[in-house]
Amino acid sequence: MSENVNHKNIQWFPGHMARTLRVMEQEVRHVDVVLILLDARIPRSSLNPEIERITAGKPHLYLLNKADLADPDATAQWVRYFTRNGDACLAVNSKKRSGGVPVRKAIDEELAGLLARRAGKGMSGARIRVMLAGIPNVGKSTFINSFAGSARAKAEDRPGVTRGKQWVAVDGYDLLDMPGVLWKKFDSLETASNLAFIGSIKDDILDVESLAMSLADEMRRMHPDRLAERYKLSAEDLELEPYELLEQIGRRRGMLMSGGVVDTERAARVLVDEFRAAKMGRITLERP
Ligand code: G4P
């Protein structure tokens, strides 16, 4: 992976994320189960070590959200990976209504012991308290809507927007939605880049051209055919230096400014947006 995404620039930890982690540490004691939402395109990079630490002692299950944007084979591999490690894991597309049905079933299975004990005490009607945790923009609000089968939670379209915790009652479940959290220091440049590619790090603290250069580099390494097809690039184009490659992408799309100079900023934005919208196909950036 190239060094275009500046590692130092995205070692950040806004105050509200630190506060969210403290609130999570308190609230986790009062819930029955935690749903850890991961992005199916980067399951490893979206696994927040802080969330892992906080939820370690609680029943939890992993949801590979946005599975509709990820490579289905890779998603199946990831589900097997988590399941083999003894954790429940499901692939989810929260944009789909009724995506919540299998998740309810998985929660009930995860809590089978607890539910049986409650039933024994004549408390089978007690509500199940579920905490939702994940990185910014992973799709928590959207997931709640799909779980509820109606539009109850408002989806916020930008990552890192301050939002307090909120309880949402859905049938027999009380869902606790927490704001998305990143962690203090990314352990690798790859993690940082992956989070930036999918849009979990606010774009306004990143240099979009650097981000796009890294993404183009990653795409030509993993899927040169798809990159070439989308932007009509030749085999020689794919060998260009990252900035020249970005210029070529802009040129192929006719993004020229006065004097025939390529508008690389616009090209960068298009490349990043199209990747996020899976216009180059369903791509998973990491394997178990
Ligand atoms: P958050 O609460 O965790 O911050 O995330 P939120 O639900 O606001 O979702 C962030 C973006 O991800 C939204 O897109 C949302 O539609 C999208 N999203 C969530 N789950 C899925 C999924 O399973 N599949 C796909 N394809 N997208 C998903 P947006 O572009 O910001 O908003 P919108 O135009 O889609 O409403």
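Bear in mind that the values here come from a model prediction, so they are computed numbers and not experimental data.

> So what's going on with the pattern of salt bridges? Residues and values would help.
A side chain of one charge can pair with a side chain of the opposite charge if their charged atoms are brought near each other. Scanning the entire structure with this criterion turns up 13 salt bridges. In this structure, the salt-bridge partner of Lys105 is Glu109, at a minimum N-O distance of 3.7 Å. Here the residue Lys105 and the residue Glu109 both occupy positions in helix H4 (residues 100-110), the gap between them amounting to 4 residues, near one helical turn. The exposed category is assigned to Lys105, whose relative accessible area is 55%. Overall, Glu109 belongs to the exposed group, its relative accessible area being 53%. Across the salt bridge formed by Glu218 and Arg221, the nearest N and O atoms sit 3.1 Å from each other. Here Glu218 and its partner Arg221 are both found in helix H8 (residues 208-222), 3 residues apart, which amounts to about one turn of the helix. Among the charged side chains, a network of salt bridges with common partners joins Glu25, Glu50 and Arg53.

> A description of the pairing of strand E4 (residues 128-134) should follow, citing residues and the corresponding values.
Of all 7 residues in E4, 6 are buried; the element is thus mostly enclosed. Alignment of E4 against strand E6 (residues 173-177), held across 5 bridges, turns out to be parallel. In the sheet register, Arg129 faces E6, and the bridge partner there is Asp174.

> Break down the domain arrangement of the chain for me, with residues and values.
Segmenting the chain into domains produces domain 1 (7-177) and domain 2 (207-276). The straight-line distance from the C-alpha centre of domain 1 to that of domain 2 is 35 Å.

> Pulling in residues and values, what's your account of unusual backbone geometry?
One non-glycine residue, Asn137, adopts positive backbone phi at about 75 degrees. Within the secondary structure, Asn137 is located in the loop between E4 and helix H6 (140-148). Residue class for Asn137 comes out partly exposed when judged on its relative accessible area of 28%. Unlike most non-glycine residues, Lys232 shows phi in positive territory, near 50 degrees. Its location among the elements puts Lys232 in the loop between helix H9 (224-231) and helix H10 (242-252).

> For helix H1 (residues 15-27), give the residues involved together with the corresponding values.
In this model, H1 (13 residues) spans 18 Å end to end at C-alpha, consistent with the 18 Å of a helix rising 1.5 Å per residue. His16, Met17, Thr20, Leu21, Met24 and Glu27 are the residues of H1 that are buried. One face of H1 carries all of its buried residues, which in axial projection span an arc of 145 degrees. In this structure, the buried residues of H1 make contact with helix H2 (49-55), E4, strand E5 (166-170) and E6.

> Which residues make up the side chain of Asn194, and what values go with them?
On the secondary structure map, Asn194 appears in helix H7 (residues 189-198). A polar contact of 3.3 Å, which involves the side chain of Asn194, links it to the side chain of Glu286. Those residues in contact with Asn194, other than ones at most four positions away along the chain, are Ile42, Ser45, Leu285 and Glu286.

> An account of the packing of aromatic side chains is needed here, citing residue identities and associated values.
Under the defined criterion, the tally for this structure stands at 6 aromatic pairs. Taking 5.4 Å as the distance between ring centres and 80 degrees as the angle between the ring planes, the aromatic pair formed by Trp78 and Tyr81 counts as edge-to-face. Taken together, the residues span about one helical turn, with Trp78 and Tyr81 both in helix H3 (residues 72-84) at a distance of 3 residues. Seen from their ring centres, Phe147 and Tyr173 are 5.3 Å apart, and the 85 degrees between their planes marks the pair as edge-to-face. Taken as a pair, Phe147 in helix H6 and Tyr173 in strand E6 lie far apart in primary sequence, 26 residues in all. Using a relative accessible area of 7% as the deciding quantity, one classes Tyr173 as buried. Grouping aromatic residues by their ring pairs yields a cluster made of Tyr62, Trp78, Tyr81 and Phe82. Over the ring of Phe147 we find Arg104, and its NZ or CZ is 4.7 Å from the ring centre.

> How would you summarise the environment of Ser94 if you had to cite specific residues and measurements?
Mapped onto the fold, Ser94 is located in the loop between strand E3 (88-91) and H4. On the accessibility criterion, Ser94 (7% relative accessible area) is buried. Between the alpha carbons of Ser94 and Gly15 there is a distance of 29 Å; along the sequence they are 79 residues apart. Not counting the four nearest positions on each side in its chain, Ser94 is found in contact with Asn65, Gly139, Thr142, Phe143 and Ser146. Reaching out from Ser94, the side chain makes a polar contact with the side chain of Asn65 at a distance of 2.7 Å.

> Which residues make up the nonpolar core, and what values go with them?
Grouped together as the largest cluster of nonpolar side chains are 82 residues, with contacts concentrated most on Leu35 and Ile107. Among the elements that line this core, the one with the most residues is H8, at 7 residues. When residues are assigned to domains, this core turns out to be shared by domain 1 (7-177) and domain 2 (207-276), each giving three or more. If sequence neighbours within four positions are ignored, Ile107 has contacts with Val33, Leu35, Leu61, Ile128, Val130, Phe147 and Tyr173.

Calculation notes
Residues numbered from 1 in each chain as written. Predicted model: local features only at pLDDT ≥ 70, side-chain atom pairs only at ≥ 80, totals over all residues. Heavy atoms only, no water. Salt bridge = Lys/Arg side-chain N within 4 Å of Asp/Glu carboxyl O. Helix = DSSP H or I, 4+ residues; strand = E, 2+ residues; numbered from the N terminus. Buried < 20%, exposed > 50% of the residue type's maximum accessible area, 1.4 Å probe, protein only. Pairing = 2+ DSSP bridges. Domains from an automatic or database assignment. Expected span 1.5 Å × (residues − 1). Arc of directions from axis to C-beta. Contact = heavy atoms within 4.5 Å. Polar contact = N/O pair within 3.5 Å; in protein donor to acceptor, adjacent residues only side chain to side chain. Phe/Tyr/Trp six-rings, centres within 6.5 Å; stacked < 30°, edge-to-face > 60°. Lys NZ or Arg CZ within 6 Å of the ring centre and 35° of its normal. Core = buried A, V, L, I, M, F, W, Y, C linked by side-chain atoms within 4.5 Å.

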